[in-house]
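Working through the structure, step by step
The chain contents come next:
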Amino acid sequence: MNILILGRGKTGSLVAEVARQRGHHVSVLGAAENAKAAALTTAKLAAIDMVIDFTAPHAVLEDIEACIHVGNSIVVGTTGWYSELPRIRQMVEKSGIGFLYAANFSIGVNLFFEVARSAAAALQHQYFGQIFERHHAQKKDAPSGTAVAVQRVIRDASGTELEITSFREGDVVGMHELVLDSPSDTIYLCHDAKSRRGFAEGAVCAAEWLTGKKGFFDFKDVWREM
């Protein structure tokens, strides 16, 4: 495919590297080159098969809307915009493009979500729960999209809204912990990313999966098919 990566940060750069290794032709636009999605024109996207966005919360909505307007499919790894999900879903479904997003493209994190869903049963048995997340100091959104996704999984499974505590320190790639504590014992569930490569590989596989498809997709619903 001809893939356009939006974002020259650490994850966006690694997505570009992985996509090239998988045989795709890749171009990249950074923030300065695409302010307010100005570079996402019909002419620019005419030869692009798929857009992958790893930008920032303040930029991603304009990127999504530009792709919808032009009619290009897009995979979104940027977080911090989920309050707009219903509106974006409606726009995508009207447009006929393919759209796939995720709080986290790591297979391990998506397995972590499933374990957390099962563990939520503890909250009906005198357990108290908390979510902790740690990321690098440059991360813009807090809590992280992944932590919010864990919170949503627990809420949907148990009806209980857990508190999220966020830490921003050093160059931590991403650590998420679910702690379930009772008078008798404590359960610790933790996912600790060693590098960003798992995120990048998942995003590129998502782009490959989305090719030729139309509609609104969440990575958690499709990763087993990849």
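Below: a short report on this structure. (Residues numbered from 1 in each chain as written. Predicted model: local features only at pLDDT ≥ 70, side-chain atom pairs only at ≥ 80, totals over all residues. Heavy atoms only, no water.)

Summarising the element assignment, lysine 194 is placed in the loop between strand S9 (186–192) and helix H7 (197–210). Once the C-alpha coordinates of lysine 194 and glycine 174 are considered, the two residues, 20 residues apart in sequence, prove to be 8.1 Å apart. (Helix = DSSP H or I, 4+ residues; strand = E, 2+ residues; numbered from the N terminus.)

Tallying each qualifying case throughout the model produces 16 salt bridges. A salt bridge links arginine 134 to glutamate 177, with the nearest nitrogen and oxygen atoms 2.8 Å apart. Residue arginine 134 is found in strand S6 (residues 128–135), and its partner glutamate 177 is found in strand S8 (residues 175–181); the two are separated by 43 residues along the sequence. Residue arginine 134 is classed as partly exposed on the basis of its relative accessible area of 22%. The residue glutamate 201 makes a salt bridge to arginine 197 at a minimum N-O spacing of 3.0 Å. Here glutamate 201 pairs with arginine 197, and both are found in helix H7, just 4 residues apart, close to one helical turn. (Salt bridge = Lys/Arg side-chain N within 4 Å of Asp/Glu carboxyl O. Buried < 20%, exposed > 50% of the residue type's maximum accessible area, 1.4 Å probe, protein only.)

Regarding helix H4 (residues 85–95), the residues found buried are Leu85, Ile88 and Val92. Around the axis of H4, the buried residues are gathered within 65° of arc, so they sit on the same side. Away from the buried face of H4 by more than 90 degrees, exposed residues Pro86, Glu93 and Lys94 are located. Buried residues along H4 sit in contact with helix H3 (57–70), strand S5 (98–101) and strand S10 (215–218). Looking one or two residues beyond H4, the residue adopting positive phi is glycine 96, at roughly 85°. (Arc of directions from axis to C-beta. Contact = heavy atoms within 4.5 Å.)

Two elements in contact, helix H1 (residues 10–21) and H7, have axes whose closest approach is 9 Å; the angle formed by their N-to-C orientations is 55°. With respect to H7, the axis of H1 lies oblique. Crossing of H1 against H7: the hand is right-handed. For the pair H1 and H7, contact is made by Leu14, Val15, Glu17, Val18, Ala19 and Gln21 and by Arg197, Ala200, Glu201, Ala203 and Val204, respectively. Here the residues of the contact of H1 with H7 are counted per class, giving 7 nonpolar, 1 polar and 3 charged. (Axes fitted to C-alpha atoms, helices over the stretch in contact; angles between N-to-C directions. Parallel < 35°, antiparallel > 145°, perpendicular 65-115°, else oblique. Left-handed = near helix turned anticlockwise from the far one by under 90°. Nonpolar A, V, L, I, M, F, W, Y, C, P; charged D, E, K, R; others polar.)

At a minimum axis separation of 10 Å, H3 and H4 run at an interaxial angle of 15°. Classified by the angle between their axes, H3 and H4 sit roughly parallel to one another. Between H3 and H4 the crossing geometry is left-handed. Residue-level contacts link Leu61, Ile64, Glu65 and Ile68 of H3 to Arg87, Ile88, Met91, Val92 and Ser95 of H4. Across the contact of H3 with H4, the residue classes tally to 6 nonpolar, 1 polar and 2 charged.

Moving on: the pairing of S8. Where S6 and S8 come together, 7 bridges link them in antiparallel fashion. Residue pairing across strands places arginine 134 opposite methionine 175, the latter belonging to S8. With 7 bridges connecting them, S8 and S9 associate as antiparallel partners. From the neighbouring strand, histidine 176 faces S9, where its bridge partner is histidine 191. Hairpin geometry of S8 and S9 is characterised by an intervening segment of 4 residues between the two adjacent antiparallel strands. (Pairing = 2+ DSSP bridges.)

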